[in-house]
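Residue-level structure breakdown
The chain contents come next:
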Amino acid sequence: NVIKALEHFCDCLWQEYQDISNGNGNTLTHTLNALEEVDIAVTDNIINIREILFLPIGPKEWDGFRSTYQNALKDEDTEVWVVPLPLLKKDYFGNILMTEEEIDQAAKKDLYPGTIPIRDWRTYDLLLHCPDVIYIQNPYDETNPCLTVPPDFFAKNMRKYTDEIIFIPFKNTGEFGSEDITDIYNMKHYVAAPGIIYSNQVKVQSENIREQYIRYLTGFAGNDTRTYWEAKIKVMEEKEGNNYVNTYSDTESKKLLFCIGINELMEHADILTEAVKKRIEILGEQKDHIKVSVFFYPSNQAQWKQINKELSNEIFAAVENAHMEIVSINPIDSDYTAQNYDAYYGSSSPLVP
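One structure accompanies this document, and this report is about it. (Residues numbered from 1 in each chain as written. Predicted model: local features only at pLDDT ≥ 70, side-chain atom pairs only at ≥ 80, totals over all residues. Heavy atoms only, no water.)

Remarks on empty space enclosed by the protein
The condition that has to hold: Using a 1 Å grid laid over the protein atoms alone, points where a 1.4 Å probe fits but cannot get out form a cavity; open sets with protein on both sides within 12 Å along at least 5 of 7 lines form a pocket; any residue with an atom within 4 Å of a point counts as lining. Grid points are joined across faces, edges and corners, and a volume is the space filled by probe spheres set on the points. By the criteria applied, helices consist of DSSP H or I runs no shorter than four residues and strands consist of E runs no shorter than two, each listed in order from the N terminus. In the scheme used here, Gly and all other residues not listed as nonpolar or charged are polar, with Ala, Val, Leu, Ile, Met, Phe, Trp, Tyr, Cys and Pro taken as nonpolar and Asp, Glu, Lys and Arg as charged.
Applying the stated criterion across every chain yields a total of two cavities of 30 Å³ or more. A volume near 70 Å³ is recorded for the largest cavity. Taken together, the elements giving at least two residues each to the lining of the largest cavity come down to strand E7 (201-204) and helix H9 (207-221). For the lining of the largest cavity, the per-class residue count stands at five nonpolar, three polar and two charged. If you go around the second largest cavity, the residues you meet are Leu55, Leu85, Ile136, Gln137, Asn138, Asp141, Val149, Phe153, Ala155 and Met158. Broken down by class, the residue content of the lining of the second largest cavity amounts to seven nonpolar, two polar and one charged.

What follows is the structure, given as structure tokens:
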């Protein structure tokens, strides 16, 4: 409609020029009417149309946006864009360790539901669009030591192009309280992060988790900031929440990755065999509910035997006698592999992050 109105305006302007050149007067009536049509078309089709941008970081993570996206589509005066961001692997110094082809594949555009009109992040111009609202789910910007997204889509950079950035976690956390020390400690990694700090709103799963965010961020930024966080952090409305889709039913077995690290040979040699047997026994009692895979880190058993051959053989035999699945994991695929499990238990390894 805007293009049609502009074309009509140009035609009228040209006709007025021809009339003036031929001495036929200069009323400008048609031109002014056409200009008014342009004004109406721009107002109705651009100024009064809101644009919402969703920036998912993966097909699985898209579930965190699903309900919010569907609600946005219901508004006829809203234009909705979905621009999947690639997760870029980087080294200690922040240098990207991926080729252009690998970066293109990392966006995984072909794995999103076919009903979603996907746009390429390289052709979406934030300056041209200036969306009214941007939904994000990557909190880290440049602060994650392993992964990042294209810098144009850092929360701190996008503030120049929108009035509202809304952060929605891509997955629910477990509920925890102020006495759960480990959970509180881990909040420094994903709560005191740029995406949370720079967002205008943060939406979380429950009133309890909201209070944990507020308490932690108040301690992080100072007691006088509590009212700021209280206004900023909100609980998902009923129509927005449960954004998260379970990929298994309640009757399916949960998948647990049980890691036994080579460091145990040195640190707990005197109790290791009995401890492993006891853990296997406990896990075996839950075999109807939990499917256990055992991961020796490192997977090369010869390295274990170089440290303590007798103890290593005892551990390997205990696992084999329990008929548990033993998995070998390529470090390059560790991120993808870890996402296939519901829980992790045991020694430290590259899969923990």
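Description of the nonpolar core
The criterion, for reference: Here, nonpolar core refers to any group of buried Ala, Val, Leu, Ile, Met, Phe, Trp, Tyr and Cys residues whose side-chain atoms link them within 4.5 Å. Only protein chains enter the accessibility calculation, which uses a 1.4 Å probe; a residue whose area is less than 20% of its type maximum is buried, one above 50% is exposed, and one in between is partly exposed. The criterion used for residue contact is that any of the two residues' heavy atoms lie within 4.5 Å.
Within the largest apolar cluster, 34 residues are counted, with the highest numbers of intra-cluster contacts made by Leu53, Leu55, Ile136, Met158, Tyr213 and Ile233. Among the elements of the structure, strand E1 (50-55), helix H4 (100-106), strand E4 (133-136), helix H6 (155-158), strand E6 (165-167), E7 and H9 are those that each provide at least two residues to this core. For this core, the leading source of residues is H9, giving four residues. Those residues in contact with Ile136 that sit more than four places away from it in its chain are Leu55, Phe65, Ala155, Met158, Ile165, Ile166, Phe167, Ile168, Gly195 and Ser199. Judged by nonpolar contacts, the second largest core, of 19 residues, contains Ile262, Phe296, Ile315 and Ala318.

Comments concerning the sheet that holds E4
Definition in use: By this definition, two strands are paired if DSSP reports at least two bridges between them. Between N-to-C directions, angles cover 0 to 180 degrees, with each direction set by a line fitted to C-alpha atoms, over the stretch in contact for helices.
Taken in spatial order, the six strands make up an open sheet running E2-E1-E4-E6-E7-E8, and their pairing is parallel. Whereas interior strands pair on both sides, the edge strands pair on one side only; in this sheet they are strand E2 (78-82) and strand E8 (233-235). Strand after strand, the sheet turns through a mean of 25° between neighbouring axes, direction not considered. As paired elements, E1 and E4 share four bridges and run parallel to each other. Along E4, the bridge assignment pairs Leu53 with Ile134. Those strands touched by helix H3 (residues 66-73) are E1, E2 and E4, and its axis lies near 145° from that of E2.

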